[in-house]
Structure formats: C-alpha cells, structure tokens
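# Fold and contact review
Each chain, letter by letter, is given below.
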Amino acid sequence: MAERDHWDFPLPETSDFLVLGVTGGIASGKTTVAHMLAELGAPMIDFDLLAREVVAPGQPAFQEIVDYFGQEVIGEDGALDRMRLSGIVFRDPTRRRMLEGMTHPRILAAFVHQVRQLIEKDPHAIVQAVVPLLFETHLEPLVHKVLVVYVSPDTQVDRLTRRDQISQEDARRILDAQMPIDQKAARADFIVRNEGGLDETRKQVTALWQQLKEMQRLDAQAG
Ligand code: ATP
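Residues numbered from 1 in each chain as written. Predicted model: local features only at pLDDT ≥ 70, side-chain atom pairs only at ≥ 80, totals over all residues. Heavy atoms only, no water.

### Examining the overall build of the protein chain
To keep it simple, the criterion reads: Think of it this way: any DSSP run of H or I at least four residues long counts as a helix, any run of E at least two long counts as a strand, and we number them from the N terminus. Here the globule rule is a power law, 2.2 Å times the number of residues to the power 0.38, and the radius of gyration is based on C-alpha atoms. Type-normalised accessible area, obtained with a 1.4 Å probe on protein chains alone, sets the label of each residue: buried when under 20%, exposed when over 50%, and partly exposed for intermediate values. In what follows, a contact means two residues having at least one pair of non-hydrogen atoms within 4.5 Å. Only the protein chains shown count as cover for residues, with accessible areas throughout obtained via the Shrake-Rupley method and a probe of 1.4 Å. Under this rule, positive means Lys or Arg and negative means Asp or Glu; His and the chain ends count for nothing. Note that the charge is assigned to NZ on lysines, CZ on arginines, CG on aspartates and CD on glutamates.
Looking only at helices and strands, the protein chain features nine helices and five strands. In sequence order, the protein chain lays out its α and β elements as β-α-β-α-α-α-α-β-β-α-α-α-β-α. Relative to a compact globule of 223 residues, whose C-alpha radius of gyration would be 17 Å, the protein chain shows 19 Å and is just as compact. Across its three principal axes, the protein chain shows a C-alpha extent of roughly 55 × 40 × 30 Å. Residues classed as buried in the protein chain amount to 41% of the 223 residues present. Partitioning the contacts of the protein chain with sequence separation of at least 6, the portion at a separation of at least 24 is 74%. Put simply, the protein chain shows about 12300 Å² of open surface, and 50% of that area lies on carbon and sulfur atoms. The averaged location of the 34 negative side-chain charges in the protein chain is 2 Å from the averaged location of its 25 positive side-chain charges.

### Observations concerning the packing of aromatic side chains
In this description, a pair of aromatic rings is defined by centroid distance and the angle of the planes. What counts is decided by this rule: We call Phe, Tyr and Trp rings a pair once their centres come within 6.5 Å, taking the six-membered ring for Trp, and we label the pair stacked below 30 degrees between planes, edge-to-face above 60, and tilted otherwise.
Under the counting rule described, the total for this entry stands at two aromatic pairs. Centre to centre, the rings of tyrosine 68 and phenylalanine 69 are 4.8 Å apart; their planes meet at 80 degrees, and the pair counts as edge-to-face. Residue tyrosine 68 is classed as partly exposed on the basis of its relative accessible area of 33%. What makes phenylalanine 69 buried here is its relative accessible area of 3%.

### Examining the site of the ligand
So the rule is basically this: For each residue, the test is whether any non-hydrogen atom lies within 4 Å of the molecule or strand; if one does, the residue is near. Think of a polar contact as two N or O atoms within 3.5 Å of one another; within protein, one of them needs to be a possible hydrogen donor and the other a possible acceptor, and neighboring residues in sequence only count if both atoms come from side chains. Three residue categories are used. Nonpolar comprises Ala, Val, Leu, Ile, Met, Phe, Trp, Tyr, Cys and Pro, charged comprises Asp, Glu, Lys and Arg, and polar comprises the others, including Gly.
For the ligand, the set of nearby residues contains 14 residues, the closest of which are Lys30, Thr31, Thr32, Arg163 and Asn194. Alanine 27 places a polar main-chain atom, nitrogen or oxygen, 3.1 Å from an oxygen atom of the ligand. Interatomic distance of 2.6 Å between a side-chain N/O atom of lysine 30 and an oxygen atom of the ligand. Taking 630 Å² as the accessible area of the ligand by itself, protein coverage stands at 71%. Breaking the shell around the ligand down by element, the ones donating at least two residues are helix 1 (30-40) and helix 6 (153-164). Considering only residue class, the shell around the ligand consists of three nonpolar, eight polar and three charged.

### Points about the sheet that holds strand 3 (residues 126-130)
Test applied: We treat two strands as partners when DSSP finds at least two bridges between them. Note on geometry: axes are C-alpha line fits, over the in-contact stretch for helices, and angles between N-to-C directions span 0 to 180 degrees.
With parallel pairing, the five strands of this open sheet are ordered in space as 2-3-1-4-5. One side of each edge strand has no neighbouring strand; the edge strands of this open sheet are strand 2 (44-46) and strand 5 (190-193). Strand-to-strand twist in this sheet, taken as the mean axis angle between neighbours without regard to direction, amounts to 25 degrees. Bridge count for strand 4 (residues 145-150) against strand 5 is four bridges, and the pairing is parallel.

### So, the side chain of glutamine 216
Within the fold, glutamine 216 resides in helix 9 (residues 198-222). If sequence neighbours within four positions are ignored, glutamine 216 has contacts with Asp16, Phe17, Leu18, His124, Ala125 and Ile126.

Pasting the structure below:
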C-alpha cells in the first residue's frame, strides 16, 4: 500500500508514553485482544476507523476522490462505495497511488492528532494502534513496539468461515492474498497466541500489560 515516506510524520518527542502497534492476520483476534488491552487501560486508535473517517462525505478527501474517480464511486447512501473503489484501483497502480496520496497523509495526521490528545490527558499512556496491515504498509516506524496476535492459518480459516459465513475456499483465498501470519510473528516484539480459549488469551494479555508497565518504569528510571 504505502511507501514509507508517506508516513514520515513526527510523534511528540517524549519517551514517557508508549505506542503499541497491534496487528496480526485476518480473523486472528486483533479486535478481541485490543478490547482486553483497553479494559486494562490502553486507549485504542483503530486505523480501519481512521481510514473510513478521512473519506467521509464532507471531508476534503471525499471531494478529491470523487473529482478524480467520478460520481460512480459514490454509493446509494451518499458515502464512498469503498468496495467499488478497491475494485477500480486493484489492478491500476497509478490510480492506486493517487488514492493513497489523497488518503494516507490524512490518516497519518489523524493518528498523530489522536496520540497527542491521548498523551495530553495521560503523559504515560500506553496507546494501542490497531493496524491490520502494519507490516504491509511499512508502518513500524510509527509505533514503539509491535504485538502480533497469532493463530495458525488453519484456525484463521476456521474462524473466518464461521464469523463471515464464507466457504473454506474463499477464506483460504483471502489468506493467500495476505502476508503469511508466521512472517508477521517473526517480526513481532510481542506475540499473544489466541488459539485457545478467551481465558488463556486474557492471561497472556494481562502478562503483556504488566511487562509494558514494567518497561515504562525501567525507562523512566534510566531517565
Ligand atoms: P479482522 O482481521 O477480520 O478484523 P480480527 O483479527 O480483529 O479480525 P476478531 O474479530 O477479534 O479478529 O476475531 C475473529 C473471530 O474469532 C471473531 O468471530 C471472534 O469472536 C473469534 N475469536 C477471537 N478470539 C477467539 C478465541 N480465543 N476463541 C474463539 N473464538 C475467538
């Protein structure tokens, strides 16, 4: 998706807060784990939500996109038809880059704005940035540490078919189009294994939370 320089945007220069990137594969449990972290006190910034907000009707990106792609990308509800738009840019790198140029800097600006607001409220916040395509979009520089929520590809297929009522074949096709989850796990600072029951996952998330708090404490001591 993005070139790294699209995202080269400074976060406040204080080491008191921590931004944890939360990623994983499709249906691996990112949302589930993010909610657990939120309950423990980590405010959440959801990149999927930011991506939708920056192109909402009335936002500058909305008009730019309609001017460039035409009225046919507006859905019946007056909002952008994101499926149609993805279809258009899927095999057209030039138009894809145009679209990214209209959206990525704004998503990034919204992210930085939200981080600033959160650390104004709590300078020691552990902020989670939930970014499904964190590695694919080269967003590692935006976060201090990366958590990968891991399940095996077979479990991904199983949960995806159940949740989205799709066939195994379709689920495998979706997985094949993504960076394999094992490659993501290899690049993680932390891994939560979400294969078992929710209690097992929650135990790992609580341990991770304590570890992050401890990291912050030691950092503060080191000055
Ligand atoms: P997506 O990539 O589609 O946004 P996600 O990574 O956020 O998905 P979730 O929505 O958290 O994943 O979980 C995917 C599905 O698996 C959901 O239906 C969820 O209820 C279920 N699920 C998550 N964790 C577990 C678990 N430990 N045991 C059983 N089911 C689970």
